[in-house]
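Fold and contact review
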Amino acid sequence: MIDIKDIVKPENLVFKKSRVLTDNPMHYCPGCSHGVVHNLIAEIIEEMDIQDNVIGVAPVGCSVLAYNYIDIDWHEAAHGRAPALATGIKRLMPEKFVFTYQGDGDLAAIGTAETIHACNRGENITIVFINNGIYGMTGGQMAPTTLEGMVASTCPSGREHARDGYPIKITELLAQLPGTCYVTRQAVHTAGSVRKTKKALRKAFENQTRNRGTSIVEVVSTCNSGWKMSPVKANDWMVENMFPFYPLGDLKDE
Amino acid sequence: MRELKLMKGNEAIAEAAIRYGVDGYFGYPITPQSEVMETLMAMRPWETTGMVVLQAESEVASINMLYGGAGSGKRVMTSSSSPGISLMQEGISYIAGAELPCVIVNVVRGGPGLGTIQPSQSDYFQAVKGGGHGDYKLIVLAPSSVQEMVDFVGLAFDLAFKYRNPAMILSDGVIGQMMEKVEFDEYKPRWTREEIIAKNPWAATGKPPTRERNIITSLHLQAVDQEKQNIKLQAKYKEIQEKEVRYETYLCDDAEYLIVAFGSSARISKKSVEIAREKGIKVGLLRPITLFPFPYKEIGAYTDQVKGILTVEMNAGQMVEDVRLAVEGKVKVEHYGRMGGMISSPDEVENALEELIIGG
Ligand SMILES: Cc1ncc(C[n+]2csc(CCOP(=O)(O)OP(=O)(O)O)c2C)c(N)n1
Ligand code: SF4
């Protein structure tokens, strides 16, 4: 009989929680993409050895409490204003790594002006953009990214462009701006896509040492609670419906 | 050695910021204060002191750049005029909630709405009573000369850092646009990184292994925690009220009547006092310099001495409410003021004193 103690040994270790992730239990719903992306950011901060040299700007949205989970200095912004805060922080401390972490309502509705102008100035920051097509925190209302026909609590019979306007591809817009240097769209629904997103995030952080402009990593995500689906079903729905409209891949890499 | 110059209030406040070792200015153009950023851009302080100057895309952005910059423990400021300050209220509330020091200059113009570009004092309520959401206070300084535009930059930063609270310099289009002789102090170096960390251990400057992470936030999800934060804020405001009241008096010793006025209205009223004194009317002027904390006790002390108080403001009567609170109904208090960018003459004010207070 093999005892569990014989298995739990350093040489058998295949995965370990990043030391940059705190022990606080996450408040995210099971299946939510936020936790996976948090973990990736923590791993990258650890691997790049920049824990003492990085400042995160948290949004208003489900990830408002991101500062409880990643063990770095944080600044909690007003809804949509994270890129303006990050501008102030980076301009005053250009030697620090500065990133914002924002949902689609935060980045592409209330914060559209701050997002576009930070990118247009080419602020030397990293923007992590979680696009789950809905307002998670406030209970599943329509987001600027909600797909046509997609149901949300403020468009219960589905988004209609005549009334609600069209879903916005803000990442494509940002890629047009000369101030951005790296714009990519990724996902975290499979092991492979998680690895790819990690690579993209790492590049987006490393770009700050090159001072070439703004780096944006959009992560097409699920909000199974807002979508009212099981985590597995939400992943399938995302692949079938979100990916055709928000195709994965690099939009710009300079 | 102090350096002597002839300057507009808006230009002077810009130079004062550079000389005081301010780290960053973020702003958006609006009349009658655009010269602040124009002066900074022309002086290119990033090449001398290292001060950052940035034109934002809106006042919403500039106040949030300030929020970010203030969280890094540096000295940051913005300036604007009334409509722009209205746009900043969200950010100001967050900065007050997160207890960050910074300086906001409001060169007030006539409102409401787009209003006029002429001078006004109609943002008194917005500055001293809140304006943004939640129970918070700004430290509010009211300059009445170009020299005070200069001197209050340093004072506002010192108070802001002492109490970890945003401070506002509530000026108006008169003081902003007027040219006067000013004296400047020598250039002060900006704080070094080590000084910032030593002075502001709360700042989000990157988490070394030796301390817990610093989180700049105004969010306390549990009501008990949010109440605790409010209790802490209120205790701070009480301490500020007790310790930081500043005001000036002119010919008040033998006064039978009192004029209370701030900013450019106080300059006009000073002349009115002289006109009245020539007529044999014993009137003095009390000029609140801090609008929060307001000199309630100091004005209240005159209730045994004077028969009536006239407040003079370029608005419909805002500070008058605080003066009435100060005197607790013991003497008559009336307001006189022009609105919408109109400025009272010293004679008008003196007439108002005779009609509303002495005769009335
Ligand atoms: C000024 C302001 N308006 C509205 C809200 C309410 N609110 C909080 S989060 C949110 C939407 C968040 O959605 P998103 O950015 O997509 O993030 P998610 O929760 O989906 O991660 C809204 C509207 C607020 N906090 N502040
Ligand atoms: S509501 Fe949606 S975005 Fe928020 S934690 Fe739950 S699944 Fe995630």
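Preceding block: the structure.
The rules behind these values
Residues numbered from 1 in each chain as written. Chains lettered and ligands numbered in written order. Predicted model: local features only at pLDDT ≥ 70, side-chain atom pairs only at ≥ 80, totals over all residues. Heavy atoms only, no water. Helix = DSSP H or I, 4+ residues; strand = E, 2+ residues; numbered from the N terminus. Rg over C-alpha atoms; globule rule 2.2 N^0.38 Å. Buried < 20%, exposed > 50% of the residue type's maximum accessible area, 1.4 Å probe, protein only. Contact = heavy atoms within 4.5 Å. Near = heavy atom within 4 Å. Polar contact = N/O pair within 3.5 Å; in protein donor to acceptor, adjacent residues only side chain to side chain. Pairing = 2+ DSSP bridges. Axes fitted to C-alpha atoms, helices over the stretch in contact; angles between N-to-C directions. Nonpolar A, V, L, I, M, F, W, Y, C, P; charged D, E, K, R; others polar. Expected span 1.5 Å × (residues − 1). Arc of directions from axis to C-beta.

Here's the deal with the overall build of chain A
Scanning chain A from terminus to terminus reveals 10 helices and 9 strands. For 254 residues, the compact-globule estimate of 2.2 N^0.38 gives 18 Å, and chain A sits close to it at 18 Å. Reported as C-alpha extents along the three principal axes, the dimensions of chain A are approximately 65 × 50 × 30 Å. Looking at chain A residue by residue over its 254 residues, the buried ones come to 57%. Taking the contacts inside chain A whose residues are at least 6 apart along the sequence as the reference set, 68% of them involve residues at least 24 apart.

Details of the site of ligand 1
All names here are of chain A. Every one of the 16 residues lining ligand 1 counts as a neighbour, but His34, Cys62, Asp106, Gly136 and Met137 are closest to it. Contacts to ligand 1 include His34, whose side-chain N or O atom sits 2.9 Å from an oxygen atom. Taking Met137, its main chain carries an N or O atom lying 2.9 Å from an oxygen atom of ligand 1. The set of elements that each furnish at least two residues to the shell around ligand 1 consists of α4 (104-110) and β5 (134-135). At 4 residues, α4 tops the list of elements feeding residues into the shell around ligand 1.

Focus on the sheet that holds strand β3 (residues 52-55) of chain B
All names here are of chain B. Read from one edge of the open sheet, 7 strands run β3-β2-β4-β5-β7-β6-β13, paired in mixed fashion. At either end of the open sheet lies a strand with only one pairing partner, and these are β3 and β13 (290-292). With direction set aside, neighbouring strand axes in the sheet form an average angle of 20°. As judged from the 2 bridges shared by strand β2 (residues 24-27) and strand β4 (residues 76-80), these two strands associate in the parallel manner. In the strand pairing of β4, Tyr25 is matched with Met77. Contacting β4, β5 (102-108), β6 (139-141) and β7 (166-172), helix α7 (residues 146-163) crosses the sheet at an angle of about 170° to β6.

Brief notes about the site of ligand 2
A:Tyr28, A:Cys29, A:Cys32, A:His34, A:Cys62, A:Asn132, A:Gly136, A:Cys223, A:Asn224 and A:Ser225 make up every residue found near ligand 2. Grouping the amino acids of the shell around ligand 2 by side-chain chemistry returns 5 nonpolar, 5 polar and no charged.

Some words on helix α8 (residues 191-206) of chain A
Residue and element names in this part refer to chain A. With 16 residues, α8 ought to run about 22 Å at 1.5 Å a step, and its terminal C-alpha atoms sit 23 Å apart, in line with that. The complete set of buried residues in α8 reads Ser193, Thr197, Ala200, Leu201, Ala204 and Phe205. When α8 is viewed along its axis, its buried side chains cluster within an angular range of 135° and face the same direction. Along α8, the residues that are exposed and aim more than 90 degrees away from the buried face are Ala191, Arg195, Lys196 and Lys199. In the core, the buried residues of α8 are packed alongside α2 (33-48), β1 (54-58), β3 (97-103), β4 (126-131), β7 (180-187) and β8 (214-220).

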